[in-house]
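# Coordinates in review
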Amino acid sequence: MPYNKPHPAETIIISRRFHLPNSASIDTFLAHDGYKAARKALDMSQDDIINEVKKSNLRGRGGAGFPTGMKWGFVPRQSPKPKYIVVNADESEPGTCKDRLLMEFDPHRLIEGCLIAAKAVGAHQGWVYIRGEYRYLIDIMDKAIAEAYKANWLGKNVQGTGFDFDLSTHTGAGAYECGEESALLESLEGKRGQPRIRPPFPAVSGAFQCPTILNNVETFCAVPDIILNGGDWYASLGVPRAGGTRLLCISGHVQSPGVFEVPIGFPMMRAINEMAGGLRPGRKLKAVIPGGSSCPVLKADECDLPMDYDSLAKAGSMLGSGGMVIMDDSTDMVKAALRIIKFYQHESCGWCIPCREGTLWLKKILTRLDDGIGVRSDIDLVGELAENMLGRTFCPLGDAAALPTISIVKKFRAEFEARLAQVQVPAGVSESLVRIHV
Amino acid sequence: MTFSPELEARLAKMLESYPKGRERAALIPMLMYTQDEVGHISKELAEEVAKRCGVTTLQVEEVVGFYTMLRTKKMGKTHLQICTNISCLLVGGDELWQHASKKLGIGHNQVTADGSISLEEVECIGACSWAPAIQTNYDFHHYVTLDQLDKLIDDLRRIQ
């Protein structure tokens, strides 16, 4: 893995062990505060752990940004059913490549986060659901889990505290939809990855219909430092309603793409210009996808803002999964829109009709627009169709496909019109007649 | 049907990784790891996995049909996967795809006549900050240039 050196402007917390020699081994981990937080948590009450996470203002790092402490608090304590921990390591939102680093360079941090979560809700078993393409990471996690068992940080009677916790990896098999929590649970149970209707939410009825804590890799990885240094400390790193740091994955038209750790609320333009080395010489910024391809794109003049949940929402987009895709003035936005919708069409699980049919028709219409053989009304049709998908599906994939499409068509309409102008329609002749025969 | 001792040990452990009576949970991992050894999910393999996980062959086929990485067709010795999703597209992913397809004379999910290489245009493989990226089987290659891809294909053709 070609991992970039940390940039001086980074706030290194979750990534602080990445650069240590042999960082994935338990010896390195233990020599650098590893399992100290878990040791502390094993002596804490369930309420105290959850309260600390609530105080930290940690919000889910997978994309939705739900407050983690609140989620953990939803697990019914008195339920006679077993409780489970599930890690969402199905990282597949285009633009996102951070969980790879966490698992490759600090796998024990993830195990420690799971152990703390298990203690917080009384779970004794968990799984790390890793996307199938990340086989080398499954091997790394398997090795780390074996080390943790050997050192009694997993298994029966962890560190003599009487607490049992088993953890194993579980491979996915190539389906973006399984990054959605309820589809992931279906997949974990050995079924097609189609979403479940909610409520009930996984905290009440998750894996095998039992209460389940399901969080992203980075979310679990943030927990040890919260327990070690306190929720207030973590909260103070971020902004009022969102604490801590997060990993930004910067890709696209920048000189030094990479993954950088920044506090929530870090200025977007500083991330692009300082950390990622700015744009290529002679190029100007055109658009930014702020947090994975399901987020509405921002035009260059909308990018001067702090990267926190509220600021991004105010700008009409989302903080998402931390996958920032930078596009300069050489970018063909019609092609970009088409490529994004092709992805969602391919990944639609087919369960909900607005998503299954909507993504297919959007792909067809955008294909003909890209080929210059669409008709003028197609531009409006794309927007209208996408608007009609919003909020009409079991899971957010329908919205994930519609939102970027709507934003690109709205903000870069001129490019779509220019594409149509490439094919001339003689006066007095029906536009559709000419274009479909080109 | 039996597998190598290493795989048998893995499968036995896999079945114990889930709550009692929930052996079906091992279905997808079992398909992935056995497919790696057998090459593709044949009818015989589907029946074997169904038996071990306590489901019907139909339920296995239903799952196989859903997941991109589960294949009922024999692929090449090396499965070359080229990402053309947005981050890779912006820095030459599509050019890599076009070049590989033209050089090999095959398209998406097709295999060369000698069986050495199969080609797939894949969706995001999580290498966005190191784009353009490709995978050969499970191995990642980052910041791939046209020349590198060209040489890689020549090398892969020699391994048969």
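None of these values were measured; they are calculated from a predicted model.

## Some points on the pattern of salt bridges
- Scanning the model with the defined rule gives 42 salt bridges over all chains in all.
- Linking Arg419(A) and Asp332(A) is a salt bridge whose minimum nitrogen-to-oxygen distance equals 2.7 Å. Of this pair, Arg419(A) sits in helix H17 (residues 413-421) while Asp332(A) is found in the loop between strand E11 (323-328) and helix H13 (333-347), placing the two residues 87 residues apart along the sequence.
- Measuring nitrogen to oxygen at the nearest pair gives 3.3 Å for the salt bridge that ties Asp150(B) to Lys103(B). Of this pair, Asp150(B) sits in helix H7 (residues 146-158) while Lys103(B) sits in helix H6 (residues 93-104), placing them 47 residues apart in sequence.
- Salt bridges sharing common partners tie together Arg16(A), Arg17(A), Asp106(A), Arg109(A) and Asp225(A).

## Description of the sheet that holds strand E4 (residues 212-216) of chain A
Residues and elements named next belong to chain A.
- If you trace the four strands from one edge of the open sheet to the other, you get E3-E2-E1-E4, paired in parallel fashion. The outermost strands of the open sheet, each flanked by one partner alone, are strand E3 (166-171) and E4. Across this sheet, the average inter-strand angle for adjacent strands is 20°, counted without regard to direction.
- Sheet analysis places strand E2 (residues 125-130) next to E3, joined by six bridges and oriented parallel. The residue of E3 that forms the bridge with Tyr129 is His170.
- Contacts from helix H6 (residues 107-121) reach strand E1 (84-89), E2, E3 and E4 within the one sheet, and its direction differs from that of E1 by about 145°.

## Quick notes on the domain arrangement of chain B
- Domain parsing of chain B yields domain 1 (5-64) and domain 2 (78-158).
- One C-alpha centre belongs to domain 1 of chain B, the other to domain 2 of chain B, and the line joining them spans 29 Å.

## Overview of the nonpolar core
Residue and element names in this part refer to chain A.
- By size, the foremost hydrophobic cluster in this structure holds 116 residues, and its most contacted members are Trp72, Ile85 and Leu110.
- In terms of residue count, H6 provides more of this core than any other element does, nine residues in total.
- Filtering out sequence-adjacent residues up to four positions away, Leu110 remains in contact with Val87, Met103, Val128, Met141, Val217, Phe220 and Cys221.
- Val325, Met333, Ile340 and Cys395 belong to the second largest nonpolar core, which has 37 residues in total.

## Re unusual backbone geometry
- Note the cis peptide between Arg198(A) and Pro199(A), where omega equals 0°.
- Along the chain, Pro199(A) falls in the loop between helix H8 (181-188) and E4.
- In this chain, Ala131(B) is followed by Pro132(B) through a cis amide linkage whose omega measures -5°.
- Topologically, Pro132(B) is positioned in the loop between strand E3 (117-122) and strand E4 (134-136).
- Located in the positive-phi region is Asn57(A), a residue other than glycine, with phi close to 55°.
- Within the element layout of this structure, Asn57(A) appears in the loop between helix H3 (46-55) and helix H4 (68-73).

## Concerning the interface of chain A and chain B
- Of the residues lining the interface, 62 residues belong to chain A; the matching set on chain B comes to 43 residues.
- Taken as a group, Arg135(A), Arg192(A) and Arg339(A) account for 17% of the area that chain A buries against chain B, more than any other trio of residues on that side.
- Linking chain A to chain B there are three salt bridges.
- Across the salt bridge formed by Glu123(B) and Arg339(A), the nearest N and O atoms sit 3.0 Å from each other.
- In this assembly, chain A and chain B are joined by 23 residue pairs in polar contact (both at pLDDT 80 or more).
- Of the residues forming the side of chain A that touches chain B, the biggest block, seven residues, is contributed by H13(A).

## Quick look at H6(B)
All names here are of chain B.
- Between its terminal C-alpha atoms H6 stretches 17 Å, which fits the 16 Å expected from 12 residues at 1.5 Å a residue.
- Within H6, burial applies to Gly93, Leu96, Trp97, Ala100, Ser101 and Leu104. Along the long axis of H6, the arc covered by the buried residues comes to 125°, so they all point the same way.
- Elements that come into contact with the buried residues of H6 comprise strand E1 (78-83), helix H5 (86-90), E3, E4 and H7.

## Looking at the packing of aromatic side chains
Residue and element names in this part refer to chain A.
- Tallied over the entire structure, the rule returns 16 aromatic pairs over all chains.
- A ring pair is formed by Tyr35 and Trp153, whose centres lie 4.6 Å apart and whose planes are at 5°; its orientation type is stacked. Placement of Tyr35 in the loop between helix H1 (26-31) and helix H2 (36-42) and of Trp153 in the loop between helix H7 (135-150) and E3 is noted, with a sequence separation of 118 residues between them. Trp153 matches Tyr35 in its accessibility class, with the two residues each being buried.
- The cationic tip of Arg59 hangs over the ring face of Tyr309; the distance from NZ or CZ to the ring centre is 4.0 Å.

Calculation notes
Residues numbered from 1 in each chain as written. Chains lettered and ligands numbered in written order. Predicted model: local features only at pLDDT ≥ 70, side-chain atom pairs only at ≥ 80, totals over all residues. Heavy atoms only, no water. Salt bridge = Lys/Arg side-chain N within 4 Å of Asp/Glu carboxyl O. Helix = DSSP H or I, 4+ residues; strand = E, 2+ residues; numbered from the N terminus. Pairing = 2+ DSSP bridges. Axes fitted to C-alpha atoms, helices over the stretch in contact; angles between N-to-C directions. Contact = heavy atoms within 4.5 Å. Domains from an automatic or database assignment. Core = buried A, V, L, I, M, F, W, Y, C linked by side-chain atoms within 4.5 Å. Buried < 20%, exposed > 50% of the residue type's maximum accessible area, 1.4 Å probe, protein only. Buried area = accessible area lost by both parts, 1.4 Å probe. Polar contact = N/O pair within 3.5 Å; in protein donor to acceptor, adjacent residues only side chain to side chain. Expected span 1.5 Å × (residues − 1). Arc of directions from axis to C-beta. Phe/Tyr/Trp six-rings, centres within 6.5 Å; stacked < 30°, edge-to-face > 60°. Lys NZ or Arg CZ within 6 Å of the ring centre and 35° of its normal.

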